[in-house]
Amino acid sequence: MNFVNSMAFTAITFVAFTALVALISWWKTRGDNLDTQDGYYLGGRSLTGPVIAGSLLMTNLSAEQLVGNNGQAVRVGMSTMGWEVTSAIALVILAFVLMPKYLKTGLTTVPQFFEQRYDEGTRRLVSIIVLLSYVVIMLPNILYAGAQVFVNIFGIDEMFGISRFAAIAIVCVATAIIGSIYAIFGGLKAIALSDSINGLGLIVGGLLVPVFGFMFLSGQLGGDGSFMDGFDKFLHTNPSYLNAINEVNTPEPWLPWPLLFTGLLVNNMYYWATNQSIIQRTFGAKNLKEAQKGAVFAGFLKIMTPLIIVVPGVICALAYPGMDWGSGDSAYPMLVAQVMPKPILGFFAAVMFGAILSSFNSVLNSASTIYALDIHRPLFNPTASDARMVKIGQNFGTVVAVVSTIMSPFMLYMGGITSFVNSAFAAFNTPIFVCLLCGFFWKKVPAIAAKIVIPVHVVLYFILQFGLRNVIPALNNIHYLYFTAILFVFDMLLMWVIVKKHPRATDFELKDVGAVDLTPWKNGKIWAAVTLLIMVLAYVIFSPLGFGKSEKTTYQNYLENQTTASASVSDSVQ
């Protein structure tokens, strides 16, 4: 029994499960032809609905989400679930509005559409912006968040007597090496298969955290240590944490309720319907029906994910009342180390590692895809064979992996993970989505429009977010998603002006290249409606109409604590 509770047993189970996933992925893809563009980048256009849904979820549900979202929840409560639950709206829109158009064109990358619809310069502009965001923002944060988990759970810095920065750097390097092997040598199908297996493991392991967390909460608050007593204490100890409806004027990391259907919806539409690392999974669908199934099922799963990436943060807040969590990024790893039984800690560490690998290798594969097909081939070698393009993508992926790994430990000094990533992405995600939306549905939009809207938006966003909000008092605490909502309207108006002044000479027509069968999912809209109703129900449960009824909100409590702290400082100075 001592061996089962030992670090050696944890290490053995961790290695065994990680190796099992790799073995299954290799076995299932060993006969695949990875020398063709579709074979390497789109899994041979053979992905089914469940595989797409699992891969979408696992690409999204990374350690960055587990650490960052729980880090927000420990400070603000259930309102953090907005980032998860409202994704269902974007995924339903993707399935039934955008997916038929995407698959009709037979695209491999989103920038390819920008060349078809606008021109080659727009394709390169979008490709460069997306690649920079992957290398500078997404990949380093994925590696850093994963390292945070492992360093906190296993105390790697204390175990080896090294600094926290060094421990994080070591884990980042190890993760990058293994993730790169999947992404660079396995292609999309190997990634999607490993995603699906790890997805099942992460759901099981992730759900164990709140289960044991409720038991821990009961003991912390003087209960009998049972699950039901802990669940009761979760619901009634401090209901303000269970209110997902925040006031209009709350800053990040709170999520003001008007943003759920404005700025956050625009943000989600870019992420789920335009972001190459996400949308590439649906491009690999064997037909439209399977793509729609995958998107809708992923939307349903996103409504469930707060159980894994929000509830544990609230448990921490209730178990340690009055604790200053700082950025909050240490809350989830600390809870896991505290409540997870040692015999299954190795399994949980393995599925966590799988989540990190999933996001890392998925984004890396997408970066390789965009560089090879959207930058290298059109600029340097237009006649290159598919096999040559696969090799170019692999070499570029190696360079990106090295650069992002070097940058990743320095994320330690960037503050809260989720707030940093989301606010940085907001600079460019809105104009790219606007250009895609108008490109599909507005036949008269000219080629010059994208080259005006994208740079103008980026400049205005940086002026608002990093300039005026630090100068104008009224903008100091405004949520950055309000800027996203306002600039979305501005971008659409700018697009309208451009069309009025310089309309396209001929109407744009979307051509069907016959890549896959475009027969839609027969009962898809019924299941989509059910999914959206469940989303609404989730908000009713976690609102003042449900379990979130309290005299004061978490933001009001925060303001009172700030006032009290300021008064204490003044008294001590006097």
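Criteria and thresholds
- Every chain begins its residue count from 1, and numbering advances along the sequence as written.
- Given that this is a predicted model, residues contribute local features only at a pLDDT of at least 70 and side-chain atom pairs are listed and counted only at 80 or more, while totals for whole chains, interfaces and linings are drawn from all residues.
- Excluded from the side-chain calculation are hydrogens and water; included are all heavy atoms of the structure.
- The cut-offs for exposure are 20% and 50% of the maximum accessible area for each residue type, with area from a 1.4 Å probe on protein chains only; residues under the lower value are buried, those over the upper are exposed, and the others partly exposed.
- Helix and strand assignments come from DSSP, with helices taken as H or I runs of at least 4 residues and strands as E runs of at least 2, each series counted from the N terminus.
- Counting of polar contacts relies on pairs of N or O atoms within 3.5 Å, with two restrictions inside protein: one atom must be capable of donating a hydrogen and the other of accepting it, and residues adjacent in sequence are counted only when both atoms are side-chain atoms.
- By salt bridge we mean one thing: a side-chain nitrogen of Lys or Arg within 4 Å of a carboxyl oxygen of Asp or Glu.
- Pairs were defined over the aromatic rings of Phe, Tyr and Trp, the Trp ring being its six-membered one, requiring ring centres within 6.5 Å. Orientation was assigned from the angle between planes: stacked under 30 degrees, edge-to-face over 60, tilted for the rest.

**Q** Would you mind going over helix α11 (residues 227-236) with me for this structure?
**A** One full turn of an α-helix is made of 3.6 residues, so residues set three or four places apart face in the same direction. What α11 keeps buried is the set D229, G230, K233, F234 and L235. Where α11 begins, the side chain of S226 points an oxygen toward the backbone nitrogen of D229, at a separation of 3.2 Å.

**Q** Before we go on, may I ask you to explain the pattern of salt bridges in this structure?
**A** As a working rule, side chains carrying opposite charge can pair if their charged atoms are close by. On inspection of all chains with the given rule, the structure shows 12 salt bridges. K302 is the salt-bridge partner of E84, the closest N and O atoms lying 2.3 Å from each other. With E84 in helix α5 (residues 82-85) and K302 in helix α14 (residues 288-304), this residue pair connects regions lying 218 residues apart in the sequence. Just as E84 is buried, K302 falls in that class too. A salt bridge links E290 to K293, with the shortest nitrogen-to-oxygen separation between them at 3.8 Å. One end of the pair is E290 and the other is K293, both in helix α14 and three residues apart, which spans about a single turn.

**Q** What is the right way to look at the packing of aromatic side chains in this model?
**A** To describe a pair of aromatic rings, one takes the distance between the centres and the angle between the planes. A full pass over the atoms with the stated rule returns 24 aromatic pairs. Between W254 and Y555, the ring centres sit 5.1 Å apart and the planes meet at 70°, which makes this aromatic pair edge-to-face. In this pair, W254 is assigned in the loop between α11 and α12 (263-273) and Y555 in helix α25 (residues 554-573), connecting sequence segments 301 residues apart. A relative accessible area of 8% places Y555 in the buried class. On the basis of an interplanar angle of 90° and a centroid distance of 6.1 Å, the ring pair of Y270 and F428 is categorised as edge-to-face. Here Y270 is found in helix α12, whereas its partner F428 is found in the loop between α20 (417-425) and α21 (429-441), with 158 residues between them in sequence.

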